[in-house]
Amino acid sequence: MRNRALWIVAALLAVGLLLAGCGGKKEQVIKIATQSPLSGGMSAVGTDIKNGAQLAIEQLSGPLTAMGFKIELAAFDDQGNPDTGVANAKNIVSDPAILAIVGHYNSGVQIPSSEEYHAAGLANVSPANTNPKVTERGYLEVSRICGRDDVQGAVGAQFASTKGIKTAYVLHDKTAYGQGIAEYFKRESEKLGIKILGFEGTEEKANFDSILTPILASKPETIYFGGMFDQAAVLFKQARQKGYMGMFLSDDGFDSSDAAKIGGDILLQGAGTYFSTVAGPAAAYPGTAKFQADFKARFGSEPQPFAAQSYDSAAIALKAIENAAMAAGKKVPARADVAKAVRALKDFPGITGTFTFNAKGDLEKAKYFIIQVTSGDPAKWAENKIDKILDIAPPQ
Amino acid sequence: MRRLIKADALREILLPLGRMAVFVLGAGALLSVVMVVLSLLFRGSGADKLLQTTQGVNIFTYTMANLPQVLIDGVTLGFVYAAIALGYTMVYGVLEFINFAHSEIFALGAFAGVEFLLILDGTGILKTAGGLAPYLYLALALIVGMAASGGTAVFIERVAYRPLRGAPRLVPLISAIGVSFALQDIIRLTESLTTGQFYRVIPTFGNFDERIPLFSIPTSGAPIRVDIQVKSLVVIAAAMFMLVGLNYIVNATRIGKAIRSVAQDRSTAALMGIGVNGIIAFTFLLGGSLGGAAGVLYALKFTRIDPFVGFMPGMKAFTAAVLGGIGNLTGALLGGIVLGMLESFAGAYLGTFTMGNFGSEYKDILAFLILIIVIIFRPSGLLGEQVSQKA
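Note on numbering: residues in each chain are counted from 1, in written sequence order. The order in which chains are written sets their letters, starting at A; the order in which ligands are written sets their numbers, starting at 1. Selection of residues for local features in this predicted model requires a pLDDT of at least 70, selection of side-chain atom pairs for listing and counting requires 80 or more, and totals for whole chains, interfaces and linings are taken over all residues.

(A) Main features of the overall build of chain B. We count a stretch as a helix when DSSP gives it H or I for four or more residues in a row; a strand needs E for two or more, and each element gets its number in order from the N terminus. Along the backbone of chain B there are 14 helices and four strands. By the compact-globule yardstick of 21 Å for 391 residues, chain B fits well, its C-alpha radius of gyration being 22 Å. With the C-alpha coordinates of chain B rotated into their principal frame, the extents come out at 70 × 55 × 45 Å. Within the span of chain B, comprising 391 residues, buried residues form 50% of the whole. Counting only contacts in chain B whose residues sit at least 6 apart along the sequence, the fraction spanning at least 24 positions is 76%. The globule rule used for comparison is 2.2 Å times the number of residues to the exponent 0.38, while the radius of gyration itself is calculated over C-alpha atoms. To assign burial, the other C-beta atoms lying within 10 Å of each residue's own C-beta are counted, with C-beta atoms placed from the backbone; 20 or more indicates buried, 12 or fewer indicates exposed, and intermediate counts indicate partly exposed. For every residue pair, C-beta atoms are placed from the backbone, and the pair is scored as a contact if these atoms sit within 7 Å.

Dropping the structure here:
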């Protein structure tokens, strides 16, 4: 019996290999993968990261199609979970048709997953991962078109300082992203003379009562949250309901219309709610008007934050594949050549800026924004007021 | 004879109320004394100095000033846990099996109640409701949540547990875990198909968010105000009402007597002419409705729910049931209140006393550590498994 089962498995494997072999030769399919949370609490932003890349592939793959390639999107759901991200990454690198990956919303997922991309020489263009470690490892394969948390956290602290704030209580979500940015906020705040009354991590998502008691007792002028909106908005709401009237400050993880859905008008009360981000609302980029219209026509809703960045990331991947394919004589290029081609791009015109990468994979100059929440209506999230725009080069 | 029954009924209403008062005051007083002693011991320590430099108060004043708020939060949380824990404990009492799907029954009730309120909100009547009307709407939402949860619990019992009743004890347990996952994803699927949302937020209505100032404590800086949110009061009152009602049903009615007899000895109860299947289904209905109502109250208190919202409260309520002595109704109440208090105390003070090294994110570890210690010394829980009166 056992032998027979083995034979069947072997036969099936042989057939599978044959089929796979044939498939590879017949069609010259090139795939661009995306990884973002398509399910769970962050799926609103994650789905639009996928959709942004899909729109770019549909609109910009003309030159590659002309060379006889078929460009496809391979969308993966990382669930905002490092384990799932790494498991997907293993699948991605084992598919030879995938030549580039646009992805990850969460730095905590991108960092372990990109170890797999690095080992396989697969180019990863990140639209949203802001943790310094993403590029500090110096991997040729990993580039990003957004800013960094060490700068973003400092930008938040500088903003608080210009608002005349003297005391702050810092919370974070214990992820690589949230804790990282909270620490940079704290460091810069202390330099600027803002007293940090407390620094704490929490994975709590619903009941912030016991966390808020010591915070409210210490009466900070601002509460800073390093992490995602799904915790921050609930925390802010419960703090206001407990009578806290100071300013709320958060990071680009707060940038989702779901934050307004959870927090509502409460975010506007007292000293208001502000957040720093690396991806400004559409109004900040003159080039995104057409993108917004196209996106709405194609997917039926306004793009969430990072959708335009994802479009640009996919555009960069497509251009790099095109350049590498040209250099390889219109053949499917090697992964390593694509990764090199990404870095070789100079002043690549995207819809959210022109992109040139430095040796680490950061942009030579990235944009940072401070945004004030001006409406409790989720539909008006994109109309939030831009308080400040800064162009800052990454630290060396 | 008639007078006797009346006196008995009154006793069954007053007794649990008395127990609640004793448990709340006892647990609160005990933990407060522990905190006061700790804060006195910590005088002059690094934590004390840190507090004096950052906030200008010593650790004793700090502890005392925060104490009332911590107690209020702990009691509120405790009653929510107790209401969920009763569902676990009732089913265990009757069937001697842990219904792990109860946490999803809880989530389902929360969703049913919140969706109902959102529909009401859509028609615009919630925003204009004044006076007692919001309480009426909340009561309706509670009933909707109870109906959805109770109905689902009965359905699950019929489909997933009853066919397995003769099977080894592990089998229905696995079935319960399966049902739990299935329900989670059914909620998620239904929500994403109908509303496309992952999070649901309970609409703001009535005066539930208002705060009733109780008193204020003068400190060197600005005085610390102690107040209680209207919704916390509502949660406590509603939970107390339900717990008393359940106690009355189980201990003072005919059907309650039937439940107790099925819990004691199923086959003998059947010989005495009790419809065992019907009684077990009724037990699930009771436990499920309580869980559903607790879900709506949870949503009211903490405002946001998602399809996985049941997991942590369910886990903690299960723990509370074990802590109090599983199968024991009074034990579930005590366990819930003790666990809620422990969590609230640990969350509020842990960070300060460890100078920020162990923040409130470790509150569950501390609470569960104490739980393990209790279980080591009292393996059958604080009040013990009541074999003679399990349900």
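(B) Inspection of the pairing of strand β4 (residues 123–126) of chain A at higher detail. Residues and elements named next belong to chain A. Burial along β4 is two-sided: Ala123 and Val125 facing one way and Asn124 and Ser126 facing the other are all buried. Pairs of strands are assigned from DSSP output, requiring at least two bridges between the strands. Examined bridge by bridge, strand β3 (residues 98–103) and β4 share three bridges and lie parallel to one another. Within β4, the position partnered with valine 102 by the bridge is valine 125.

(C) The arrangement of the packing of helix α3 (residues 59–95) of chain B against helix α8 (residues 230–252) of chain B in detail. Residue and element names in this part refer to chain B. Interaxial distance between α3 and α8 falls to 9 Å at its minimum, and their mutual angle equals 35 degrees. As for the relative orientation of α3 and α8, their crossing is left-handed in sense. When α3 is examined against α8, the residues Ile72, Val75, Thr76, Phe79, Val80, Ala82, Ala83 and Leu86 are found in contact with a partner set consisting of Ser232, Val235, Ile236, Ala239, Met240, Met242, Leu243 and Leu246. Residues were grouped as follows: Ala, Val, Leu, Ile, Met, Phe, Trp, Tyr, Cys and Pro as nonpolar; Asp, Glu, Lys and Arg as charged; and all remaining residues, including Gly, as polar. Tallied by class, residues from the contact of α3 with α8 come to 14 nonpolar, two polar and no charged. Helix axes are fitted only over the stretch in contact, all axes being lines through C-alpha atoms; the angle between N-to-C directions runs from 0 to 180 degrees. Left-handed describes a crossing whose near helix is turned anticlockwise from the far helix by less than a right angle; the clockwise case is right-handed.

(D) Local environment of the nonpolar core. For the purposes of this analysis, a nonpolar core is taken to be any set of buried Ala, Val, Leu, Ile, Met, Phe, Trp, Tyr and Cys residues that are connected through C-beta atoms within 7 Å. Core analysis: the biggest nonpolar cluster contains 229 residues, and Ala317 and Ile321 of chain A together with Val80, Ala82, Ala83 and Ala239 of chain B have the highest contact counts within it. The element contributing the most residues to this core is α3 of chain B, with 22 residues. Two domains share this core, each providing at least three of its residues, namely domain 1 (2–147 + 285–364) and domain 2 (149–277 + 368–392) of chain A. Setting aside residues no more than four positions away along its own chain, alanine 82 of chain B makes contact with Ala239, Leu243, Ala320, Ala332, Leu333, Gly336 and Ile337 of chain B. Domain segmentation is taken from an automatic or database assignment of domains.

(E) Examining helix α5 (residues 107–120) of chain A more closely. All names here are of chain A. Expected helix span is computed as 1.5 Å times (number of residues minus one). Taking 1.5 Å as the rise per residue, α5 with 14 residues should run 20 Å; its terminal C-alpha atoms sit 20 Å apart, in good agreement. The principal kink in α5, of about 30 degrees, is found at serine 113. All of the buried residues in α5 are Ser107, Gly108, Val109, Gln110, Ile111, Ser113, Ser114, Glu116 and Tyr117. One or two positions beyond α5, positive phi appears at glycine 121, with a value near 70 degrees. A residue's bend is the angle separating two fitted axes: one through the seven residues that end there, the other through the seven that start there.

(F) Summary view of the sheet that holds strand β8 (residues 222–226) of chain A. Residue and element names in this part refer to chain A. With respect to topology, seven strands assemble into an open sheet ordered β7-β6-β8-β9-β10-β13-β14, the strand pairing being mixed. Only two strands of the sheet have a single neighbouring strand rather than two, namely β7 (195–201) and β14 (385–392). The sheet shows a mean angle of 15 degrees between the axes of neighbouring strands, direction not considered. In this sheet, β7 lies alongside strand β6 (residues 167–172) in parallel orientation, the contact comprising six bridges. By the bridge assignment for β7, tyrosine 169 is matched with glycine 198. Running over the sheet, helix α10 (residues 229–241) touches β8, β9 (247–250) and β10 (273–277) and is turned about 160 degrees from β8.

(G) Expanded view of the environment of leucine 323 of chain B. All names here are of chain B. Mapped onto the elements, leucine 323 comes out in helix α12 (residues 311–324). On a C-alpha basis, the gap between leucine 323 and alanine 252 in space is 26 Å, while along the polypeptide they are 71 residues apart. When sequence neighbours within four positions are dropped, the list of residues in contact with leucine 323 reads Gly335, Val338, Leu339, Leu371, Val374, Gly381 and Leu382.

(H) Region of interest: the sheet that holds strand β2 (residues 70–77) of chain A. Residue and element names in this part refer to chain A. Spatially, the five strands line up as an open sheet ordered β2-β1-β3-β4-β5, and their pairing is parallel. Every interior strand has two partners, whereas the edge strands, β2 and β5 (142–144), have only one. Taking each pair of neighbouring strands and ignoring which way they run, the sheet shows an average axis angle of 20 degrees. The sheet contact formed by strand β1 (residues 29–36) and β3 spans five bridges and is parallel. Of the residues in β3, the one forming a bridge with threonine 34 is valine 102. Contacts from helix α13 (residues 307–327) reach β1, β3 and β4, with the element oriented near 160 degrees to β3.

(I) Local environment of the environment of leucine 318 of chain A. Residue and element names in this part refer to chain A. Inspection of the secondary structure assignment puts leucine 318 in helix α13. Sequence separation between leucine 318 and valine 342 is 24 residues, and the spatial gap between their C-alpha atoms is 9.3 Å. Beyond its immediate chain neighbours, meaning those up to four positions away, leucine 318 contacts Ala56, Leu60, Ser61 and Leu64.

(J) Structural detail: unusual backbone geometry. Residues and elements named next belong to chain A. Even without being a glycine, glutamine 79 presents a positive backbone phi close to 55 degrees. For glutamine 79, the position within the fold is in the loop between β2 and α4 (82–93). Even without being a glycine, lysine 174 presents a positive backbone phi close to 70 degrees. Here lysine 174 is to be found in the loop between β6 and α8 (176–191). The exposure class of lysine 174 is partly exposed, given the 18 C-beta atoms found within 10 Å.

In short, shape yes, function no, at least from these values alone.
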